[in-house]
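# Structural overview for review
Chain by chain, the residues:
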Amino acid sequence: MIKRPLIIDCDPGIDDAECIMMVHGSGKFDIRGITAVHGNVPLSHTSQNALFLSKLYGIDCPVYLGAKEAIIQRLSRAEYVHGNNGLIGFDTTLPEGAQFAQGHAWDFIWEEAVKQNGELEILAIGPLTNLAIAVMKHPELPKLVKNLVIMGGAAGSGNFGVYSEYNIAQDPHACEIVLQAGFPKFTMVDLNACRSVWLNGEEIEKLRNLPENNRFAALAKRMLKHEDDNKSNWQDDAFVDEYHYTCDPVAAAVLIDETIGQYVDKYVFCDCVGEMTTGQTVIDWLGFAPFKNVKIPVALDRDKFAEIYFECVKSYEKEDC
Ligand code: RIB
Ligand code: CA
């Protein structure tokens, strides 16, 4: 099987850690690089976490530093969800010799898109600052990206603002630049999609009791304990608390196997001026706009999500993964 060339742009973030685990564990991708961006926690932590996770999972790829701040406005971070170091206090000490690749994330994205000659796919699961800078510096980029999947946006209520989802709210201008850049295949896995799938109690226990030789086991246990200890503090009460809801892994599942759901093509723009609505992804549900720019998942299969999730987890039990 020819592995699909992919760049993961991320802000780890414990759900980013789950997502990267799934993408690599699926065995479907030639991960050409991981690019870190500000987001859940400052870039100093998201980048260290990205490099740490690449070593933990055994992903042989360069890790690049990206943007420290949003293009125009900065709002806040999400230590309340992900802990001060972004991985809920998990020890992210880097192995001897681990280091970042030289150069900026946005230049690497362009260079790799040219190298892959139209076959590159991008999974973006943090604020879209790196991607927006890449598009501004290299306007030809979208034509060279075969498939862009993001975790971001809110077709209904938000999780950061009333109507805005965290990734988009941290850099709404970047989102608008990316939305209007002309990516030919652009799937926006929004909060509604993320809230439509979960791991149930039985699956949570399966995750909690992974064998110790599974490279994801320790982080999974820490993640579930953190959730148990903090569920009442989290803002997004749209999640039912006996299940494990997560965001970035839903984008991973859509990337891994898009038959997991059904999608609608819509025109979307990002509000960058509203006092109460900046960061809202405004979806033209009724089709007034003359063209569509994104696919939005409207029906995802929960059982298939759990099946994909655990197929990927299982791949870490082999010693040579
Ligand atoms: O709103 C959820 C998104 O914001 C996820 O990507 C999470 O990691 C945070 O970045
Ligand atoms: Ca993220």
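So, a few notes on the structure that sits alongside this text. (Residues numbered from 1 in each chain as written. Chains lettered and ligands numbered in written order. Predicted model: local features only at pLDDT ≥ 70, side-chain atom pairs only at ≥ 80, totals over all residues. Heavy atoms only, no water.)

Turning our attention to the nonpolar core. Membership of the largest hydrophobic core comes to 65 residues, with the highest contact counts inside it found for M22, V23, I34, Y57, L207, F216 and Y309. Excluding residues within four positions of it along the chain, Y309 makes contact with E18, M21, M22, L199, L207, F216, M223, H244 and P249. V37, L128, A132 and I296 belong to the second-largest nonpolar core, a separate cluster that totals 37 residues. (Core = buried A, V, L, I, M, F, W, Y, C linked by side-chain atoms within 4.5 Å. Buried < 20%, exposed > 50% of the residue type's maximum accessible area, 1.4 Å probe, protein only. Contact = heavy atoms within 4.5 Å.)

As a further point, take the site of ligand 1. Taken together, 13 residues are adjacent to ligand 1, and D15, N159, E165, N167 and D248 come closest. Within the contact set of ligand 1, an oxygen atom lies 2.8 Å away from a side-chain nitrogen or oxygen of N159. At 2.6 Å, a side-chain N or O of N167 approaches an oxygen atom of ligand 1. Surface burial for ligand 1 is 95%, taken as the share of its 280 Å² of free accessible area covered by protein chains. Sorting the residues of the shell around ligand 1 by element identifies α1 (14-26) and α6 (166-170) as the ones contributing at least two each. Of the residues belonging to the shell around ligand 1, the class tally is 4 nonpolar, 4 polar and 5 charged. (Near = heavy atom within 4 Å. Polar contact = N/O pair within 3.5 Å; in protein donor to acceptor, adjacent residues only side chain to side chain. Areas by Shrake-Rupley, 256 points an atom, 1.4 Å probe, with all protein chains shown as cover. Helix = DSSP H or I, 4+ residues; strand = E, 2+ residues; numbered from the N terminus. Nonpolar A, V, L, I, M, F, W, Y, C, P; charged D, E, K, R; others polar.)

Below, the discussion takes up the pattern of salt bridges. Under the defined criterion, the tally for this structure stands at 16 salt bridges. R4 serves as the salt-bridge partner of E121, at 2.7 Å between the closest nitrogen and oxygen. Residue E121 is located in strand β4 (residues 120-124), and its partner R4 is located in strand β1 (residues 4-10); the two are separated by 117 residues in the primary sequence. A relative accessible area of 4% places E121 in the buried class. For E205, the salt bridge identified is with R208, shortest N-O distance 3.1 Å. With a gap of 3 residues between them, E205 and R208 both fall in helix α9 (residues 201-208), about one helical turn apart. Residue class for E205 comes out partly exposed when judged on its relative accessible area of 37%. One network of salt bridges, with partners in common, ties together D30, R32, E112 and K115. (Salt bridge = Lys/Arg side-chain N within 4 Å of Asp/Glu carboxyl O.)

Here the focus is the environment of A252. Among the secondary structure elements, A252 is positioned in helix α11 (residues 248-256). Residue A252 is classed as buried on the basis of its relative accessible area of 0%. If near-sequence neighbours (up to four positions away) are discounted, A252 is found in contact with C19, M22 and V23.

In the first shell of the calcium ion (ligand 2), the protein supplies D11 (OD), D16 (OD), D16 (OD), I125 (O) and D248 (OD), at 2.2 to 2.6 Å from the metal. We note that the donor set of the calcium ion (ligand 2) lies within a single chain, spaced as D-x4-D-x108-I-x122-D. Residue I125 is found in the loop between β4 and α5 (129-137), and its partner D248 is found in helix α11; the two are separated by 123 residues along the sequence. For D248, a relative accessible area of 2% translates into the label buried. (Donors = N, O, S within 2.8 Å, 3.2 Å for Na, K, Ca; no water.)

The next thing to look at is helix α7 (residues 172-179). Since the α-helix turns once every 3.6 residues, residues separated by three or four places project in the same direction. Counting buried positions along α7 yields 6 of 8 residues, so the element is predominantly enclosed. For α7, the full list of buried residues reads P172, H173, A174, C175, V178 and L179.

To continue, consider the pairing of β1. β1 sits mainly inside the fold: 6 of its 7 residues count as buried. You can see the chain leave β1, run along α1 and come back into strand β2 (residues 29-36), and the turn it takes is right-handed. (Right-handed = clockwise from strand over helix to strand, strands pointing away.)

What follows is about the packing of aromatic side chains. Taken as a whole, this structure holds 12 aromatic pairs when the rule is applied. Considering the side-chain rings of W198 and Y243, the 5.4 Å spacing of their centres and the 5° angle between planes classify their relative orientation as stacked. Separated by 45 residues along the polypeptide, W198 in the loop between α8 (191-195) and α9 and Y243 in the loop between α10 (217-230) and α11 bring together distant segments of the chain. Given the relative accessible area of 23%, W198 is considered partly exposed. Taking the relative accessible area as the measure of exposure, Y243 reaches 24% and is therefore partly exposed. Members of the aromatic cluster, each reached through a chain of ring pairs, are Y57, F216 and Y316. When the ring centre of F310 is taken as reference, the NZ or CZ atom of K206 above it lies at 4.2 Å. (Phe/Tyr/Trp six-rings, centres within 6.5 Å; stacked < 30°, edge-to-face > 60°. Lys NZ or Arg CZ within 6 Å of the ring centre and 35° of its normal.)

It is worth spelling out the environment of I88 at this point. Among the secondary structure elements, I88 is positioned in the loop between α3 (79-82) and α4 (105-116). Accessibility expressed as a relative area gives 8% for I88, which makes it buried. Look past the residues within four positions of I88 in its chain and what remains in contact with it is I14, V81, H82, G83, R222, M223 and H226.

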